[in-house]
Amino acid sequence: MTDATLHRPGAAEAAANEVLATDALARILAAVRPVGATETIPLWTGHRRVLAEDLRSAIDVPAHDNAAMDGYAVRGADLPAAGIARLTLVGRTLAGHPWACVIGTGQCVAITTGAPLPAGTDTVVMVERTEAVGDTILIDAGTRPGDNVRFAGEDVRKGSLVAAAGTWLNPALVGVVASLGVDSVAVYRRPRVALLSTGDEVQAPGTALRSGGVYDSNRYALNGLLASLGAEVIDLGAVPDDPDRLRDALADAASRSDVVISSGGVSVGEADFIKPILAGLGSVNFWRLAIRPGRPLTFGRIGAAVFFGLPGNPVAVMVTFLAFVRPALQQLMGMRPTALIRLEATCAERLRKRPGRREFQRGIARTGADGKLQVRPTGRQGSGILTSMSEANCLIVLSEDRGTVEPGERVSIDLLPWATIAPLDDGKEAS
Ligand code: AMP
Ligand code: MG
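Computed from a predicted structure; not experimentally measured. Once a new chain begins, its residue numbering starts again from 1 and follows that chain's sequence as written. For naming, the first written chain is A and the first written ligand is 1, with later ones following in the order written. The model is predicted, so local features are restricted to residues of pLDDT at least 70 and side-chain atom pairs to those at 80 or more, both for listing and for counting; the totals for chains, interfaces and linings are taken over all residues. Hydrogens and water are ignored here; the side-chain numbers use all heavy atoms of the structure.

**Quick notes on the overall build of the chain**
Looking only at helices and strands, one finds eight helices and 26 strands in the chain. Taking 2.2 N^0.38 as the reference for a compact globule, 431 residues should give roughly 22 Å; the C-alpha atoms of the chain span a radius of gyration of 30 Å, well beyond that estimate. Note on exposure labels: buried denotes an accessible area under 20% of the residue type's maximum, exposed denotes more than 50%, and partly exposed covers the range between, all computed with a 1.4 Å probe on protein chains only. A buried classification covers 44% of the 431 residues belonging to the chain. The Shrake-Rupley method, run with a 1.4 Å probe sphere, supplies the accessible areas, and residue values consider only the shown protein chains as cover. Of the accessible surface of the chain, which amounts to about 20500 Å², a share of 52% is contributed by carbon and sulfur atoms. Counting from the N terminus, the helices are the DSSP runs of H or I reaching at least four residues and the strands are the DSSP runs of E reaching at least two. As defined in this context, the radius of gyration uses C-alpha atoms, and a globule is described by 2.2 Å times the residue total to the power 0.38.

**Quick look at empty space enclosed by the protein**
Cavity: a set of points on a 1 Å grid over the protein atoms alone where a 1.4 Å probe fits but cannot get out. Pocket: an open set with protein on both sides within 12 Å along at least five of seven lines, its lining residues, like those of a cavity, having an atom within 4 Å of a point. Grid points are joined across faces, edges and corners, and a volume is the space filled by probe spheres set on the points. In this structure the tally under the stated criterion is one cavity of 30 Å³ or more. Every residue along the wall of the largest cavity is listed here: Arg48, Arg49, Val50, Tyr188, Arg189, Arg190, Pro191, Gly230 and Met333. The residue inventory of the lining of the largest cavity, partitioned by class, reads four nonpolar, one polar and four charged. Three categories are distinguished: nonpolar for Ala, Val, Leu, Ile, Met, Phe, Trp, Tyr, Cys and Pro, charged for Asp, Glu, Lys and Arg, and polar for the others, with Gly belonging to the last.

**Describing the site of ligand 1**
Nearness of a residue to a molecule or strand requires only that one of the residue's heavy atoms be within 4 Å of it. The environment of ligand 1 is formed by 17 residues, the closest being Glu201, Asp216, Asn218, Gly265 and Gly312. What qualifies as a polar contact is a pair of N or O atoms within 3.5 Å, subject to a donor-acceptor requirement within protein and to the restriction that residues adjacent in sequence count only when both atoms come from side chains. Between Asn218 and ligand 1, the recorded distance is 3.3 Å, taken from a side-chain N or O atom to a nitrogen atom. Compared with its free state, where it exposes 490 Å², ligand 1 has 77% of that area covered by protein. Cavities and pockets are treated as containing a molecule whenever more than half of the molecule's atoms lie within 2 Å of their grid points. Applying the majority rule of atoms within 2 Å of the grid points places ligand 1 in the largest pocket. Within the residue set of the shell around ligand 1, elements represented by two or more residues are strand E13 (192-198), strand E15 (214-215) and helix H4 (217-229). Along the lines of polarity and charge, the residues of the shell around ligand 1 split into four nonpolar, 10 polar and three charged.

**Comments concerning helix H7 (residues 314-332)**
For an α-helix the count is 3.6 residues per turn, leaving residues at separations of three or four pointing the same way. Along H7, the sharpest kink reaches roughly 45°, centred on Phe321. Most of H7 sits out of view: 18 of its 19 residues are buried. Backbone geometry just after H7 places Gly334 at a positive phi near 100°. Bending is quantified residue by residue as the angle between axes fitted to the seven-residue window ending at that residue and the seven-residue window starting at it.

**Focus: the layout of surface pockets**
Of the voids in this model, the largest pocket is the one considered here, and its volume is about 730 Å³. Lining the largest pocket are 40 residues, with Gly312, Asn313, Pro314, Ala316 and Ser383 sitting closest to its centre. In terms of residue count, the dominant contributor to the lining of the largest pocket is strand E23 (residues 358-367) (four residues). Partitioning the lining of the largest pocket into residue classes produces 13 nonpolar, 16 polar and 11 charged. The two domains that each donate at least three residues to the lining of the largest pocket are domain 1 (3-36 + 190-332) and domain 4 (342-423). Estimates place the volume of the second largest pocket at around 440 Å³. Of all the secondary-structure elements, those providing two or more residues to the lining of the second largest pocket are helix H2 (21-31), H7, E23, strand E25 (394-398) and strand E26 (410-415). Sorting elements by how many residues they give to the lining of the second largest pocket places H7 first, with five residues. Here the residues of the lining of the second largest pocket are counted per class, giving 14 nonpolar, four polar and five charged. Start and end positions for the domains come from either an automated domain assignment or a database one. Both domains that meet at the lining of the second largest pocket, namely domain 1 (3-36 + 190-332) and domain 4 (342-423), each give it at least three residues.

**Structural notes on the environment of Asn393**
Residue position: Asn393 is located in the loop between helix H8 (387-390) and E25. Taking the C-alpha atoms as reference, Asn393 lies 48 Å from His97; in sequence the two are 296 residues apart. Pairs of residues are marked as contacts when any of their non-hydrogen atoms sit within 4.5 Å. The residues touching Asn393, leaving out its near neighbours within four places in the chain, are Gly363, Ile364, Ala365, Asp414, Leu415, Leu416, Ala419, Thr420 and Ile421. Here Thr420 takes part through its backbone oxygen, which lies 3.0 Å from a polar atom of the side chain of Asn393.

**Structural notes on the packing of aromatic side chains**
Pairing of aromatic side chains requires ring centres within 6.5 Å, counting the rings of Phe and Tyr and the six-membered ring of Trp. Pairs whose planes differ by under 30 degrees are stacked, by over 60 edge-to-face, and all others tilted. Under the criterion given, the structure shown has two aromatic pairs. On the numbers, 5.6 Å between centres and 35° between planes, the contact of Phe286 with Phe299 is tilted. Taken together, the positions of Phe286 in strand E18 (residues 283-286) and Phe299 in strand E20 (residues 298-302) put the pair 13 residues apart, joining distant regions of the chain. Between the aromatic rings of Phe299 and Phe308, the centroid separation amounts to 5.1 Å while the plane-to-plane angle is 40°, which identifies the pairing as tilted. This pair shows no difference in class: Phe299 is buried, exactly as Phe308 is. In this structure an aromatic cluster arises from ring pairing among Phe286, Phe299 and Phe308. For a ring to carry a charge above it, either NZ of a lysine or CZ of an arginine must fall within 6 Å of the ring centroid while also lying within 35 degrees of the normal to the ring plane. Positioned above the aromatic ring of Trp287 is the side chain of Lys275, whose terminal nitrogen or guanidinium carbon lies 3.9 Å from the ring centre.

**Digging into the pattern of salt bridges**
For this document, the term salt bridge refers to a Lys or Arg side-chain nitrogen within 4 Å of an Asp or Glu carboxyl oxygen. Counting across every chain of the model gives 15 salt bridges. The closest approach of N and O atoms between Arg295 and Glu18, which form a salt bridge, is 2.8 Å. Highlighted residues: Arg295 in the loop between strand E19 (291-292) and E20 and Glu18 in the loop between helix H1 (3-6) and H2, separated in sequence by 277 residues. A salt bridge links Arg219 to Asp216; the nearest nitrogen and oxygen atoms lie 2.8 Å apart. When its relative accessible area of 2% is taken as the criterion, Asp216 is described as buried. Among the charged side chains, a network of salt bridges with common partners joins Glu18, Arg295 and Arg357.

**Description of the domain arrangement of the chain**
Each assigned domain of the chain is listed with its residue range as follows: domain 1 (3-36 + 190-332), domain 2 (39-61 + 154-188), domain 3 (66-150) and domain 4 (342-423). If you average the C-alpha positions of domain 1 and of domain 3, the two centres end up 64 Å apart.

**Considering the packing of H4 against H7**
Relative to each other, H4 and H7 sit at 25°, their axes nearing to 11 Å. Accordingly, the angle class assigned to the pair H4 and H7 is roughly parallel. Considering the relative orientation of H4 and H7, their crossing is right-handed. The segment H4 lies against H7, with Ser217, Asn218, Ala221, Leu222, Leu225, Leu226 and Leu229 engaging Pro314, Val317, Met318, Phe321, Leu322, Arg326, Leu329 and Gln330. By residue class, the composition of the contact of H4 with H7 is 11 nonpolar, three polar and one charged. Here an axis means a line fitted to C-alpha atoms, over the contact stretch when the element is a helix, while the angle between two N-to-C directions is reported on a 0 to 180 degree scale. We call two directions roughly parallel when the angle between them is under 35 degrees, roughly antiparallel when it is over 145, roughly perpendicular when it lies between 65 and 115, and oblique otherwise. Each crossing gets its hand from how the near helix is turned against the far one by less than a right angle, where anticlockwise is left-handed and clockwise is right-handed.

Laid out in C-alpha cells, this is it:
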C-alpha cells in the first residue's frame, strides 16, 4: 500500500493491510491492456461486440423524403390558410412503389407511410384530416407545410460518424448499422476468460449431493455475467483443494486465456491455496480489500493472463465481479469501462454498518407513493445468501466512512445490469 492510499478518505478506518476499492480499481485498470486484435463478423452476431473502427454512413437515412403518415401528399402552397381546400387526386403511391410523375398545383397523391414523396410535394395531410368525394380530396386547415414528412438524412446524414471505434454494440446500434445497409462490422476479438471453481466440497449441479457438499453456483452465475458482457468463456469446471492440481489448473488456464477467474480458496484458511500459488506462478498485485462482501479478492497476473481470484461466497463473487472484473473486461474488450447506473434513493429501512469498509448491500429499489425512488434491503445480507442477489435490483453502496443508515437517509444505489424497477401501481388494481 502506498502513502497516497493511506491518506485517502476512509483509509483511517480501514485496516492497514486493506486496499481501498477505488485504488483497487485503478490498479486493475492500469494493469489491463485491450486485446487489440480485430476481426470482421456478420452484423447479425454483432450484439455485445466492440467496434474496432469508426463507422460512417455511406447513405442518408432515410434515403429519401417519405411519408410519416397514411394520407395525401400535397404541395404546401396548396394547403388552405382557413376553411377547406379541394385538391384533385391524380394517383396513389405505396411504400416501396415510388410515384414517378410530378405533381402540379391543385393536385395530390394518396400515400402510405414510408412511401417516397412524389416530386413537387413536400407535405403529407393525414387521412383523418381529409374527406374524399370521388377524385376530389377535401382538406382542412390543420396541416402546415412540411408536416408528416420524414426528411432524407434526418436520422443519419450521409458521411456522418455513426459510432466511434470502442463503442459497445447494443441492439439499437445493431439496428442502426443495418439501417445503413451494412451487414458486417470490424470488431475486437472477444476476450477469452477461463473460469474455474475451487473447493473439495464444490459439486456440479445434476450430481447427487455428497455429505458436506455444496453445488457450484459460482461458475453458473459467473458464466451469465461473462456472457452478458460478450466474453468467450472457457469452462474449466471445479478443482479440489489440492495445491498441485490447483497450480496445474491455473497454469493451464492462463496458457489459453486472456483472463483467469477462479472462485474460492483466497481466504487465510487451511485449505486456501490460491494466493501462494499465484505468487509462485505469477505475481500478486493485491489480495485484501476494504470492502464487504468480497474482502479477500485477489488480483494479479499469470504469464500474459490477468488473474482474478474471487472469494468463494456466492454474493461476494457477484459483487466483486460487478465492481472490479466487469470494468476490467470492458477495457480488455476495447471499450472504455463503464460504471453501473448510479442513482440516489431514500432508504426505507435501517442498515447496520460500521465505518471502515465500502459495503455493497443488496437492495430492491422502487418508486414510492410520492413518486420518488426508495430502496430497502433484501432481507438477510450474509455473503452466502445468493437469493439476496437474485431478488435485488440494485446494490446499496455505502462508502467507507459511513456508519449505520437510519430510515429516511439518502443512499447511493448501483442498478444491477439486469435490473427492472416495479412500477408505481405494482400489486394494486390499475385505476
Ligand atoms: P472459500 O473462500 O473457499 O473458503 O469459500 C467460502 C464459502 O463459499 C464456503 O462456504 C464455500 O463452500 C463456498 N463456495 C466456494 N466455492 C463455491 C462455489 N463454486 N459455489 C458455491 N459456493 C461456493
Ligand atoms: Mg474453499
